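Spelled out from the first residue to the last, the chains are:
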Amino acid sequence: MERIKVFVVEDDPEKRSSIVDTLSNVEYIYVEGEASSSEEALEMVDQVNPNVMLIGAYVPGDGYKLAEKISSEYSWISIIIVEEELKEETMRKAIFVGAKDVLIYPFTPSKLVDSIYQSFQMEKKKQVVQKDKTSVIRQKSQQGKVITVFSTKGGVGKTFISTNLAVSLAQLKGEKVVLVDLDLDFGNVALSLNIIPRYTIIDVINDIRNLDQDLMKGYLVSHQSGIKVLAANVQPQKADFINAEHIEVIIKVLQSAFDYVVIDMPTRFYDPVVPAFQEADLLMLVTTPEVAAIRNIKACMVSLNGLNYPRQKIRLLLNKAEPRGDIKTKDVETTLDQTISGILPAEHKLVTSSLNKGVPVVLLYPRSKISRSFQNLVRRVVENGLGEKKQTSSVHKASS
Ligand SMILES: Nc1ncnc2c1ncn2[C@@H]1O[C@H](COP(=O)(O)OP(=O)(O)O)[C@@H](O)[C@H]1O
Ligand SMILES: [Mg+2]
């Protein structure tokens, strides 16, 4: 079996020696270095050159910060965080700093060994994928912009917004736009556009090692509006093996081929979709003027803040706004301590008719209030947000 070199960073001597002792009994694992602080670890890491790093969450200098630094500078090292208890935030935090796993101390020897082995294998697989990918990804210096549409609540309009936003971008700016359905379990982008995908994201993943722009294009479906769609799979059980590395590669390849990559997200915040947050140039958080939705998005913003997610990427969108509703725009802004970047009115009749026809509302009723809101979204939020000063020509020709 292959040798796995491990670097243990833990300041509690008892914990550290218990880890080291356990590992000394495993034939193929070698503890190549021990450190008791972030500072010491950073000094030693080049020399130790580990495959896997075990990092105590509470080491001086903060284990999570150390993990973040290591994963950005030494992306090939697999990181395992050693925590004291599993809190709600623990897993998210760990994933965000690039860790492969979290172990809660005390753990059994087999858990420790298993985690090291799995993390090492995961990294190896990723390297195979990326070795093939780097050439493709680096070809184009001008990478497309990623717009991720998210909310931790269902039914607020993520799919509605991502679809109509993608179409508006293509229509108003005449640029190449791809819409990605990352709602891996329940994706309904294809359905809402009335297209029957021949291929889905599962096919792309099956081909991930050979993936390049050309191959990718074969898996996309064209929509009459001019956008391309990467559909979700129709069999949810197949989504289980999709991981963050797959999604990262997919986003990057799409960025190299399109001006905009618009991503429709699931309500779940889980590992495979993390790259959609990390690669996002703009993260559109969607809420509706309802107490439950606002509370939900508040919790989501607190989480993102706790993860040090760059606030300047976040845009808050208020969907299904009612002019005479109980909850006013100002109330939402005050509660969330965030200005609303875009407001989309509730238009039940038009939206229902658009759904029934399978034609996005911005194509079906281009002069309606809601379609104008999408045009504003493109101009004010997307263009300003991405710092684009390019003059936009109105190539909007759809008829109502
Ligand atoms: N501005 C709006 N006005 C009226 N209905 C809307 C609006 N936005 C979304 N809807 C409807 O609300 C429902 C949920 O929207 P959807 O985009 O599927 O939400 P999510 O993707 O967040 O679960 C859909 O039937 C959609 O057509
Ligand atoms: Mg949806």
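This report concerns the structure included in the present document. Source: prediction; values computed, not measured. (Residues numbered from 1 in each chain as written. Chains lettered and ligands numbered in written order. Predicted model: local features only at pLDDT ≥ 70, side-chain atom pairs only at ≥ 80, totals over all residues.)

### Description of the sheet that holds strand β9 (residues 228–230)
Working step 1: Ordered by their spatial adjacency, 8 strands build an open sheet running β8-β9-β7-β10-β6-β11-β12-β13, and the pairing between neighbours is mixed. Two strands lie at the open edges of the sheet, namely β8 (221–222) and β13 (340–345), each paired on one side alone.
Working step 2: Here strand β7 (residues 177–181) runs beside β9; their pairing, made up of 3 bridges, is parallel. Looking at β9, one finds that V178 is bridged to K228.
Working step 3: Across the face of the sheet, helix α10 (residues 244–257) comes into contact with β6 (145–150), β7 and β10 (260–264) while running at roughly 145° to β10. (Pairing = 2+ DSSP bridges. Helix = DSSP H or I, 4+ residues; strand = E, 2+ residues; numbered from the N terminus. Contact = placed C-beta atoms within 7 Å. Axes fitted to C-alpha atoms, helices over the stretch in contact; angles between N-to-C directions.)

### A closer look at the site of ligand 1
Working step 1: Every one of the 16 residues lining ligand 1 counts as a neighbour, but G157, K158, T159, F160 and V351 are closest to it.
Working step 2: Among the elements of the structure, α6 (158–173), β12 (314–321) and α14 (348–357) are those that each provide at least two residues to the shell around ligand 1.
Working step 3: Taken together, the residues of the shell around ligand 1 sort by class into 6 nonpolar, 7 polar and 3 charged. (Near = placed C-beta within 6 Å. Nonpolar A, V, L, I, M, F, W, Y, C, P; charged D, E, K, R; others polar.)

### Considering the sheet that holds strand β3 (residues 52–56)
Working step 1: Pairing is parallel across the open sheet formed by 5 strands, whose spatial order is β2-β1-β3-β4-β5. The sheet is open, and its two borders are formed by β2 (29–35) and β5 (101–104), each paired with just one other strand. Neighbouring strand axes in the sheet, compared pairwise and without regard to direction, differ in orientation by 25° on average.
Working step 2: In the sheet, β3 pairs with strand β4 (residues 78–83) via 5 bridges, with the strands oriented parallel. Bridging from a neighbouring strand, M53 pairs with I79 of β4.
Working step 3: Packing of helix α2 (residues 38–48) onto the sheet brings it into contact with β1 (4–9) and β2, and relative to β2 it is tilted by some 145°.

### Points about the nonpolar core
Working step 1: Counting 78 residues, the largest nonpolar core has I147, V177, V178, L254, V261 and I263 as its most contacted members.
Working step 2: Contact partners of V261, with chain neighbours within four places excluded, come to G144, V146, V178, V180, I251, L254 and Q255.
Working step 3: Core analysis: the next-biggest nonpolar cluster, separate from the first, contains 34 residues, I29, A35, F96 and L112 among them. (Core = buried A, V, L, I, M, F, W, Y, C linked by C-beta atoms within 7 Å. Buried ≥ 20, exposed ≤ 12 C-beta atoms within 10 Å, placed from the backbone.)

### Let's talk about the pairing of β7
Working step 1: Of all 5 residues that make up β7, 5 are buried, and the element is covered over most of its length.
Working step 2: Judged by which residues are buried, β7 turns out to be covered on both faces: V177, L179 and D181 on one side and V178 and V180 on the other are all buried.
Working step 3: Where β7 lies against β10, 5 bridges are found, and the strand directions are parallel. Along β10, the bridge assignment pairs L179 with V262.

### As for the packing of α6 against helix α16 (residues 369–385)
Working step 1: At a closest axis distance of 9 Å, the pairing of α6 and α16 adopts a crossing angle of 80°. Looking at the two axes, α6 sits roughly perpendicular to α16. Between α6 and α16, the residues in contact are N164, L165, S168, L169 and L172 and F374, Q375, L377, V378 and V382, respectively.
Working step 2: Looking at the contact of α6 with α16, its residues break down into 7 nonpolar, 3 polar and no charged. (Parallel < 35°, antiparallel > 145°, perpendicular 65-115°, else oblique.)

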